[in-house]
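In case you want the letters, here they are:
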Amino acid sequence: MHRQKLSLSLCVVLLVVAAGCGRKTDTGGTTGTTGTTGTTTVKVTDVKLGRAIGGDKAISDSTDKFGPNDTIYASVTTDGSAPSTTLRAKWTFEDGQTVDESSRTIAPNNRERTEFHISKPNGWPAGKYKLEVFLNDQSVETKTFEVQAR
Amino acid sequence: MGIFDKLRKHDEEKPKADFSDVQSGSSTTAAEPARPVPDLPPVTGTTGQSDTYVVVAGDSLSKIAKRYYGDANKWNRIYEANRDQIKNPDLIHPGQRLTIPGA
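Computed from a prediction, not measured in an experiment: that's the story for all the values here.

Asker: Is there a simple way to explain the packing of aromatic side chains in this structure?
Answerer: Note on aromatic pairs: each is described by the distance of the centres and the angle between the planes. In total, this model carries ten aromatic pairs over all chains according to the counting rule given. Geometrically, the ring pair formed by Tyr129 of chain A and Phe19 of chain B is edge-to-face, given 6.2 Å between the ring centres and 75° between the ring planes. One end of the pair, Tyr129 of chain A, is in strand 7 (residues 127-135); the other, Phe19 of chain B, is in the loop between helix 1 (3-13) and strand 1 (23-28), on a second chain. Judged on exposure class, the residue Tyr129 of chain A and its partner Phe19 of chain B are both buried.

Right, dumping it as structure tokens:
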């Protein structure tokens, strides 16, 4: 008798737990998304440098050697989706002197490209430069390039 | 003065490059993130009358229910009244015109 009662109690507990697991009490979905967590699942899959970009923000003239009057483009390819993610490009010269730093917050959906560019009307000093790309403040890719005196 | 001192002095005197006139910019194929919609006070005066609401970015049925009824758990009322255009209650789109049943 005691064992029967125990089994019955156990069944009731299991049923309550099972019902609780399948219960949906709220719909917190937001427009255009199926999740609400905002979890970032975005990766930087490629960074390319060059002198020009196309309409798809891809580099159309890829190089790592520039002239003093070139505009320098960096095309950052990301894969994945997130409601909000921030890309940052930090450009530095030789011993670490900061040339420029800019960021862009995007809502990527699958594969996207984001381009950053810098120019200098008075001409770039010849030397070695570095571009560091950050995804949500984490360094994810570094590219080096050179400006050659003409 | 030793040779190392001379080298150090030479390094210290080397002028830093001037990047003050650098211009920068960016563009992307990605969408801009949706701006957060401020929590609006509950709408009053809807008792017994249905209303029409146009969905904006960042909305959810819970959020709209909270605004109209003061209770996010009443999202199902809006869902039931708009079953013809809402297939998935977790997914509504900016620009959708929803019927809001009266309280």
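Asker: Which parts of the structure should I look at to understand the interface of chain A and chain B?
Answerer: In many reports, interface size means the accessible area that the parts give up when they come together. Contacts between the two partners involve 41 residues from chain A, matched on the other side by 35 residues from chain B. Both faces combined, the contact of chain A with chain B buries some 3000 Å², and carbon together with sulfur accounts for 47% of it. In this structure, the salt-bridge partner of Glu32 of chain B is Arg104 of chain A, at a minimum N-O distance of 3.1 Å. The tally of links between chain A and chain B comes to 17 residue pairs in polar contact (both at pLDDT 80 or more). For the side of chain A that touches chain B, the secondary-structure elements that each account for two or more residues are strand 5 (97-106) and strand 6 (112-119) of chain A. Class assignment of the residues belonging to the side of chain A that touches chain B gives a composition of twelve nonpolar, 17 polar and twelve charged. Pairing of strand 6 of chain A with strand 1 of chain B, which is carried by six bridges, proceeds in the antiparallel orientation. Counterpart to His117 of chain A in the pairing with strand 1 of chain B is Gly25 of chain B.

Asker: Just checking my understanding: could you explain the side chain of Gln97 of chain A for this structure?
Answerer: The residue Gln97 of chain A is located in strand 5 in this model. Look at Gln97 of chain A and you get buried, because its relative accessible area is 15%. A polar contact of 2.5 Å, which involves the side chain of Gln97 of chain A, links it to the backbone oxygen of Ala17 of chain B. Look past the residues within four positions of Gln97 of chain A in its chain and what remains in contact with it is Trp91 and Thr92 of chain A together with Lys16, Ala17 and Phe19 of chain B.

Asker: Would you take a moment to explain the nonpolar core for this structure?
Answerer: In summary, soluble globular proteins display a tendency toward joint burial of nonpolar side chains. Of all hydrophobic cores here, the largest spans 28 residues; its most connected members are Trp91, Val99, Trp124 and Leu131 of chain A. Mapped onto this core, the elements with two or more residues apiece are strand 1 (43-50), strand 3 (72-79), strand 4 (85-93), strand 5, strand 6, strand 7 and strand 8 (138-147) of chain A. For Leu131 of chain A, the contacting residues outside a window of four places in its chain are Val47, Leu49, Ala74, Ala89, Lys90, Trp91, Glu141, Thr142, Lys143 and Phe145 of chain A. Within the second largest apolar cluster, 14 residues are counted, among which are Val55, Ile64, Ile78 and Ile100 of chain B.

Rules used in this analysis
- Residues numbered from 1 in each chain as written.
- Chains lettered and ligands numbered in written order.
- Predicted model: local features only at pLDDT ≥ 70, side-chain atom pairs only at ≥ 80, totals over all residues.
- Heavy atoms only, no water.
- Phe/Tyr/Trp six-rings, centres within 6.5 Å; stacked < 30°, edge-to-face > 60°.
- Helix = DSSP H or I, 4+ residues; strand = E, 2+ residues; numbered from the N terminus.
- Buried < 20%, exposed > 50% of the residue type's maximum accessible area, 1.4 Å probe, protein only.
- Contact = heavy atoms within 4.5 Å.
- Buried area = accessible area lost by both parts, 1.4 Å probe.
- Salt bridge = Lys/Arg side-chain N within 4 Å of Asp/Glu carboxyl O.
- Polar contact = N/O pair within 3.5 Å; in protein donor to acceptor, adjacent residues only side chain to side chain.
- Nonpolar A, V, L, I, M, F, W, Y, C, P; charged D, E, K, R; others polar.
- Pairing = 2+ DSSP bridges.
- Core = buried A, V, L, I, M, F, W, Y, C linked by side-chain atoms within 4.5 Å.

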